[in-house]
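Examination of the molecular architecture
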Amino acid sequence: MKTKAVRLYGVNDLRMEEFDLPEITDGEILAEVISDSVCMSSYKAACQGPNHKRVPNDVAENPIIIGHEFCGKLIKVGAKWAHKFKAGDKFVIQPAMNYKGSLEAPGYSYKYCGGASQYVILPEEVMITDCLLPFDGDAYFYGSLAEPMSCIVGGFHANYHTKPGVYSHDMGTVPGGNMAILAGAGPMGLGCIDYAVHGGNPPKLLVVTDLDDARLSRAAELITPEDAKNYGVDLRYINTGSIENPVEYLRSLTDGEGYNDVFVYAPVKPVVEMGDALLSRDGCLNFFAGPTNPEFSAMFNFYNVHYGATHIVGTSGGNTDDMRESISLMEKKLINPAGMITHIGGLNACAETTLNLPKIKGAKKLIYTHVELPLTAIEDFSKAAEENAGTDLGKLYADLDAACKAAGDLWCAEAEKILLAYAGVEA
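Residues numbered from 1 in each chain as written. Predicted model: local features only at pLDDT ≥ 70, side-chain atom pairs only at ≥ 80, totals over all residues. Heavy atoms only, no water.

1. Details of the overall build of the protein
Keep this limit in mind: Segments assigned H or I by DSSP are reported as helices when at least four residues long, segments assigned E as strands when at least two residues long, and all are numbered from the N terminus. Only C-alpha atoms enter the radius of gyration, while the globule expectation follows 2.2 Å times N to the 0.38, with N the number of residues. In this scheme, a residue with accessible area under 20% of its type's maximum is buried, one over 50% is exposed, and one in between is partly exposed, where area comes from a 1.4 Å probe on protein chains only. Every residue pair with non-hydrogen atoms within 4.5 Å of one another is taken to be in contact. All accessible-area figures derive from a Shrake-Rupley calculation using a 1.4 Å probe, and residue coverage is judged against the displayed protein chains alone.
Looking only at helices and strands, the protein has 15 helices and 19 strands in total. Whereas a compact globule of 427 residues would reach a radius of gyration of roughly 22 Å, the protein reaches 22 Å, a difference of no more than 12%. On the principal axes, the C-alpha backbone points of the protein span a range of 60 × 50 × 40 Å. Out of the 427 residues in the protein, the part that is buried amounts to 56%. Long-range contacts, defined as pairs at least 24 residues apart, comprise 72% of the intrachain contacts of the protein with a sequence gap of at least 6. Approximately 18400 Å² of the protein is accessible, and the part contributed by carbon and sulfur atoms is 51%.

As structure tokens, this is what we get:
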């Protein structure tokens, strides 16, 4: 079977190509990818090429398909897995398989398995590690957001706290505690806020900081302080760039107690150090945002480590249970990560989008693999409709604009149906 895919050959060398997939073995599964969300981790892999820990050294000779936040449906199931899966099933993948301790993962390491492709071959280890998960959501894009949401969920579960004189850890964030999400109005921060409020273990105080008023305003529209109050959460959005002494001010919101859980959503030295300064006794700092610089470091107060039991954790991705939790919360409509998406594009836009991801404003960029469409901001659909008036593309943009406006200016299941019908994709 032929497929079109975006493949990595080396540092900043991404190519969209068409090629043949081999016949699957009894232990493999042929699948169709419908949607793939572009992750900053794919940008890092493209920037580093074979220097990336998950990318093979011989990628120049054996290129890999990028993209690991994908959702689709199964086409042909190898005999070994016919008892568990069938053609037509919708699926998502947990890419962090940890198969026999290996870092290999779809979207980083495989010739025939990555989200930026129309069709893929799921290798046997995906099923062996139970990382092929059923998805029953009403739109494929929710499945593509299950992986980034699982990273967020995993971060919450990785935090821990202690009791004086006890050497076991209480895992998770403090129920009814003080929580801060620093640099938290970006795409992943939005998911973090949503999960903190609606995930079942809310803090009493949730402070979200950023330096961008527009991002903070959008976050406050998507997860409102009024809605948070219904869950017992005092939610505050704060631009720390306009405050003379942000640490002193943020601590004052806790009556000087500090924050039990602090999430750092940008690999920026001053942000890390602010997080350290905000910690309460036994406070846990979660360094969520992975840096591209292997020498990245920041100061940490070890006086407080010794006498105040402050500590730090870091997570890179979630596990399969985190992904199942994310899927369940979405299917029950307890969380709505649609607000993370600000741009839509076709497979033709994937390579350029990935290589320029940090320069493109907005949040998540969502790619539909069977669609040819330039990367377009949802807020620009109306403008694109006018620019292409009188054409099928102009009508598409007009219909997408109407559907998104009806959904509160968010990407939605109806918009996805319109786009897939335009591309002739049988969903």
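2. A short note on the pairing of strand β11 (residues 178-182)
Our working rule: When the strands point away from the viewer and the connection leading from the first strand across the helix to the second strand turns clockwise, the crossover is called right-handed. Only when DSSP finds a minimum of two bridges between them are two strands counted as paired.
In terms of residue burial, β11 counts as a mostly covered element, since 5 of its 5 residues are buried. Along β11, one buried face is formed by Asn 178, Ala 180 and Leu 182 and the opposite face, lined by Met 179 and Ile 181, is buried too. Once the chain exits β11 it traverses helix α5 (residues 187-198) before rejoining the sheet at strand β12 (residues 205-210), and the crossover so formed is right-handed. Bridging between β11 and strand β14 (residues 259-264) involves 4 bridges; their strand directions are parallel. Each bridged residue has a counterpart across the sheet, and for Leu 182 the counterpart in β14 is Val 264.

3. Here we look at a negative patch on the surface
What counts is decided by this rule: Residues enter patches when they are more than 30% accessible in relative terms and free of salt bridges; like-charged ones are connected within 9 Å and nonpolar ones (Val, Leu, Ile, Met, Phe, Trp, Tyr) within 5 Å. We count a salt bridge whenever a side-chain nitrogen from Lys or Arg sits within 4 Å of a carboxyl oxygen from Asp or Glu. Charge convention: Lys and Arg are scored as positive, Asp and Glu as negative, and His as well as the terminal groups of each chain are ignored. Lys charges are placed at NZ, Arg charges at CZ, Asp charges at CG and Glu charges at CD.
Taken together, the side chains of Glu 379, Asp 380, Glu 386 and Glu 387 present a region of like negative charge at the surface. Relative to the helices and strands, Glu 386 resides in helix α13 (residues 381-387). Classification of Glu 386 as exposed rests on a relative accessible area of 60%.

4. Some words on the environment of Ser 168
Take Ser 168: it is sitting in the loop between β9 (160-161) and β10 (170-171). Once residues within four sequence positions are removed from consideration, Ser 168 is found in contact with His 161 and Thr 162.

5. Notes on the sheet that holds strand β4 (residues 64-65)
Spatially, the 3 strands line up as an open sheet ordered β2-β1-β4, and their pairing is antiparallel. Two strands in the sheet have a free side with no partner beyond their single neighbour: β2 (13-20) and β4. Where strand β1 (residues 2-10) meets β4, 2 bridges bridge the pair, whose relative direction is antiparallel. Bridging across to β4, Leu 8 finds its partner in Ile 64.

6. Topic: the sheet that holds strand β16 (residues 311-314)
Formally: The convention used is that axes are lines fitted to C-alpha atoms, helices contributing only their stretch in contact, and that angles between N-to-C directions extend from 0 to 180 degrees.
The 6 strands are arranged β13-β12-β11-β14-β15-β16 in an open sheet whose pairing can be described as parallel. The sheet is open, and its two edges are formed by β13 (234-239) and β16, each paired on a single side. With strand direction ignored, the average angle separating the axes of adjacent strands in the sheet is 15°. One ladder, built from 4 bridges, connects strand β15 (residues 279-287) with β16; its direction is parallel. By the bridge assignment for β16, Phe 287 is matched with Gly 314. Against the sheet, helix α9 (residues 269-278) engages β11, β14 and β15, with an angle of about 155° to β15.

7. A short note on the packing of helix α4 (residues 146-158) against helix α11 (residues 320-331)
The test is simple: Should the near helix be turned counterclockwise from the far one by less than a right angle, the crossing is left-handed, whereas a clockwise turn marks it as right-handed. Side-chain classes follow a simple rule in which Ala, Val, Leu, Ile, Met, Phe, Trp, Tyr, Cys and Pro form the nonpolar group, Asp, Glu, Lys and Arg form the charged group, and the remainder, Gly included, forms the polar group.
Across the interface, α4 lies against α11 with an axial gap of 8 Å and an inter-helix angle of 115°. Taken as a pair, α4 and α11 cross one another with a handedness that is right-handed. Here α4 contributes Ala 146, Glu 147, Met 149, Ser 150, Val 153, Gly 154 and His 157 to the contact with α11, which in turn contributes Asp 322, Met 323, Glu 325, Ser 326, Ile 327 and Met 330. Taken together, the residues of the contact of α4 with α11 break down into 6 nonpolar, 4 polar and 3 charged.

8. Focus on unusual backbone geometry
Even without a glycine there, the phi angle at Asn 12 is positive, about 55°. Looking at the secondary structure, you find Asn 12 in the loop between β1 and β2. For Lys 333, which is not glycine, the phi dihedral falls at a positive 60°. Within the element layout of this structure, Lys 333 appears in the loop between α11 and β17 (341-346).

9. Some thoughts on the pattern of salt bridges
Side-chain pairs of opposite charge can arise where the charged atoms are in close proximity. In this structure the tally under the stated criterion is 17 salt bridges. Of the charged contacts in the structure, one is a salt bridge between Asp 210 and Arg 215, with a shortest N-O distance of 2.9 Å. For Arg 215, a relative accessible area of 33% corresponds to the partly exposed category. Salt bridges linked by common partners bring Lys 84, Asp 130, Asp 321 and Arg 324 together as one network.

10. A closer look at α9
What α9 keeps buried is the set Val 271, Val 272, Met 274, Gly 275, Asp 276 and Leu 278. Its buried side turned inward, α9 meets β11, α8 (246-252), β14 and β15.

11. Quick word on the pairing of β17
Two faces, one strand: in a regular strand the side chains alternate between the faces of the sheet. For β17, a buried count of 6 out of 6 residues is recorded, marking the element as mostly surrounded by other parts of the structure. Inspection of the sheet shows β17 paired to strand β18 (residues 364-368) by 5 bridges, in the parallel sense. When the sheet's bridge partners are listed, Ile 341 is paired in β18 with Lys 364. As for the winding sense of the linkage, the β-α-β connection from β17 through helix α12 (residues 350-355) to β18 is right-handed. With 2 bridges connecting them, β17 and strand β19 (residues 376-377) associate as antiparallel partners.

12. Things to note about the packing of aromatic side chains
Put simply, the rule is: Whether two aromatic rings pair depends on their centres lying within 6.5 Å, for rings of Phe, Tyr and Trp, where Trp uses its six-membered ring; planes under 30 degrees apart make the pair stacked, over 60 edge-to-face, and the rest tilted. The rule for a charge over a ring is simple: NZ of Lys or CZ of Arg within 6 Å of the ring centre, and within 35 degrees of the ring normal.
Applying the stated criterion to the full structure yields 11 aromatic pairs. Here Tyr 265 and Phe 288 contribute two aromatic rings whose centre-to-centre distance is 4.4 Å and whose plane-to-plane angle is 10°, an arrangement assigned as stacked. You can see Tyr 265 sitting in the loop between β14 and α9 and its partner Phe 288 sitting in the loop between β15 and α10 (302-308), a full 23 residues away along the chain. You can call Phe 288 buried: its relative accessible area is 13%. Ring geometry for Phe 300 and Phe 302: centres 6.0 Å apart, planes at 70°, overall edge-to-face. Among the residues examined, Phe 302 registers a relative accessible area of 60% and is labelled exposed. Here the aromatic residues Tyr 368, Phe 381, Tyr 397 and Trp 411 are joined through ring pairs into a cluster of three or more. Over the aromatic face of Phe 19 sits the side chain of Arg 7, whose NZ or CZ is 3.9 Å from the ring centroid.

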